[in-house]
Each structure stands twice: as C-alpha cells, then as structure tokens.
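Summary of the model geometry
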Amino acid sequence: MISGPGILLVWLYGVMVVGAVSRSAYQIATEFDRAPLAYTLSALAGVVYGFITYTLVRGGETARKAALVCCAAELVGVLAVGTWTLAEPSAFPDATVWSDFGMGYLFIPVLLPLSALYWLRRARTA
C-alpha cells in the first residue's frame, strides 16, 4: 500500500498529524476556554490522521480495511464540520483543521480522504 502514490499519502498524512496535533495541543494548553469545540475537533483530526498513517505504513488487508473505514469517517467529519462552520460560524470562534472544508490547510483535509479512499480501493484489486 505504500508504493507509488501510497508513499505520498503516508507523507501527507504524516504532515497532517504533526500540524493538527501540534496546533491543537498548543491551543488546548493555552486558550482552551476560547474555543473548546474547535480545539477538541482539531485534536480528534490529529488522532484520525495518526491512525490512518499507521495503518498505511503497517500494510496488509486488515490494515487496509481499517484505513478505508477511517478515511470514510474522516471524509464524513470534514464534510460535516465544513458545513457546520459555514452554516453556523458563531459555534466556532476559532477555526478547526476541518473548518470550511480545510481551507486553512489548502483544502488538503477534504482532498486527502478522497485520494486515500481511491488508493485503498485500488490497492485491494491490485
């Protein structure tokens, strides 16, 4: 699973882990009372990215299936939080990783699970 485009997915998910976890850890430690929902969702995104990175590196059919489920859940989360931030911006005094469908991260949070789902489905048939 980590050959060809799979290596790029592992690298991108690794970068997202570092970005989401470090950002949320700092925000939770310094200003949690300002936007607890946003910072908690960013921490959750970091955990999801970490799990997906682990499963991609681990390889095997069980890991591929776990990554598929997690990527689908990630996509649902990005779409739900992205829609929520647009529909009710007052609920998010500060942005999450998934706010506005990941606009603050160049839309990588919405493109990454789509790419991963495609790659993981393709890896099954290969």
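Residues numbered from 1 in each chain as written. Predicted model: local features only at pLDDT ≥ 70, side-chain atom pairs only at ≥ 80, totals over all residues. Heavy atoms only, no water.

Let us now look at the side chain of Asp-94. With respect to the helices, strands and loops of the structure, Asp-94 is situated in the loop between helix H3 (61-87) and helix H4 (108-125). With a relative accessible area of 18%, Asp-94 lands in the buried category. Of the polar contacts made by the side chain of Asp-94, one reaches the side chain of Arg-34; its length is 3.2 Å. Of the polar contacts made by the side chain of Asp-94, one reaches the side chain of Tyr-39; its length is 2.7 Å. Leaving out residues up to four positions away in the same chain, Asp-94 has contacts with Gln-27, Glu-31, Arg-34, Ala-35, Ala-38 and Tyr-39. (Helix = DSSP H or I, 4+ residues; strand = E, 2+ residues; numbered from the N terminus. Buried < 20%, exposed > 50% of the residue type's maximum accessible area, 1.4 Å probe, protein only. Polar contact = N/O pair within 3.5 Å; in protein donor to acceptor, adjacent residues only side chain to side chain. Contact = heavy atoms within 4.5 Å.)

Below, the discussion takes up a nonpolar patch on the surface. A contiguous nonpolar patch, built from Met-103, Phe-107, Leu-111 and Leu-114 and spanning about 380 Å² of accessible area, is present on the exposed surface. In this fold, Phe-107 is placed in the loop between H3 and H4. (Patch = residues over 30% accessible without salt bridge, like charges linked within 9 Å, V, L, I, M, F, W, Y side chains within 5 Å. Areas by Shrake-Rupley, 256 points an atom, 1.4 Å probe, with all protein chains shown as cover. Salt bridge = Lys/Arg side-chain N within 4 Å of Asp/Glu carboxyl O.)

Below, the discussion takes up the packing of aromatic side chains. Under the criterion given, the structure shown has two aromatic pairs. Pairing Tyr-13 with Tyr-49 gives two aromatic rings, centres 5.8 Å apart and planes at 50 degrees, and the pair type is tilted. In this pair, Tyr-13 is assigned in helix H1 (residues 5-31) and Tyr-49 in helix H2 (residues 36-58), connecting sequence segments 36 residues apart. A single burial state applies to Tyr-13 and to Tyr-49, both of which are buried. (Phe/Tyr/Trp six-rings, centres within 6.5 Å; stacked < 30°, edge-to-face > 60°.)

Before going further, it helps to spend a moment on the nonpolar core. Of all hydrophobic cores here, the largest spans 31 residues; its most connected members are Tyr-13, Tyr-49, Ile-52, Leu-56, Cys-71, Val-97 and Trp-98. Looking at this core, the elements that each hand over two or more residues are H1, H2, H3 and H4. If one sorts the elements of this core by residue count, H2 sits on top with eight residues. (Core = buried A, V, L, I, M, F, W, Y, C linked by side-chain atoms within 4.5 Å.)

Scanning the entire structure with this criterion turns up three salt bridges. As a salt-bridge pair, Glu-31 and Arg-34 come within 3.9 Å of each other at their nearest N and O atoms. For Arg-34, a relative accessible area of 45% puts it in the partly exposed group. Residues joined in a network through salt bridges with shared partners are Glu-31, Arg-34 and Asp-94.

Positive phi, normally seen in glycine, also occurs at Phe-101, with a value near 60 degrees. Its relative accessible area of 22% is what places Phe-101 among the partly exposed residues. The residue Phe-107 is not glycine, and still its phi comes out positive at about 65 degrees.

This part is about the packing of H1 against H2. It is the contact of H1 with H2, at a shortest axis distance of 8 Å, that shows an interaxial angle of 150 degrees. Judged on the interaxial angle alone, H2 and H1 are roughly antiparallel. Seen along the crossing, H1 lies across H2 with a hand that is left-handed. Every residue of H2 that contacts H1 at Leu-9, Val-10, Tyr-13, Gly-14, Met-16, Val-17, Ala-20, Val-21, Ser-24, Gln-27, Ile-28 and Glu-31 is listed here: Tyr-39, Ser-42, Ala-43, Ala-45, Gly-46, Tyr-49, Gly-50, Ile-52, Thr-53, Leu-56 and Val-57. Residues that form the contact of H1 with H2 fall into these classes: 15 nonpolar, seven polar and one charged. (Axes fitted to C-alpha atoms, helices over the stretch in contact; angles between N-to-C directions. Parallel < 35°, antiparallel > 145°, perpendicular 65-115°, else oblique. Left-handed = near helix turned anticlockwise from the far one by under 90°. Nonpolar A, V, L, I, M, F, W, Y, C, P; charged D, E, K, R; others polar.)

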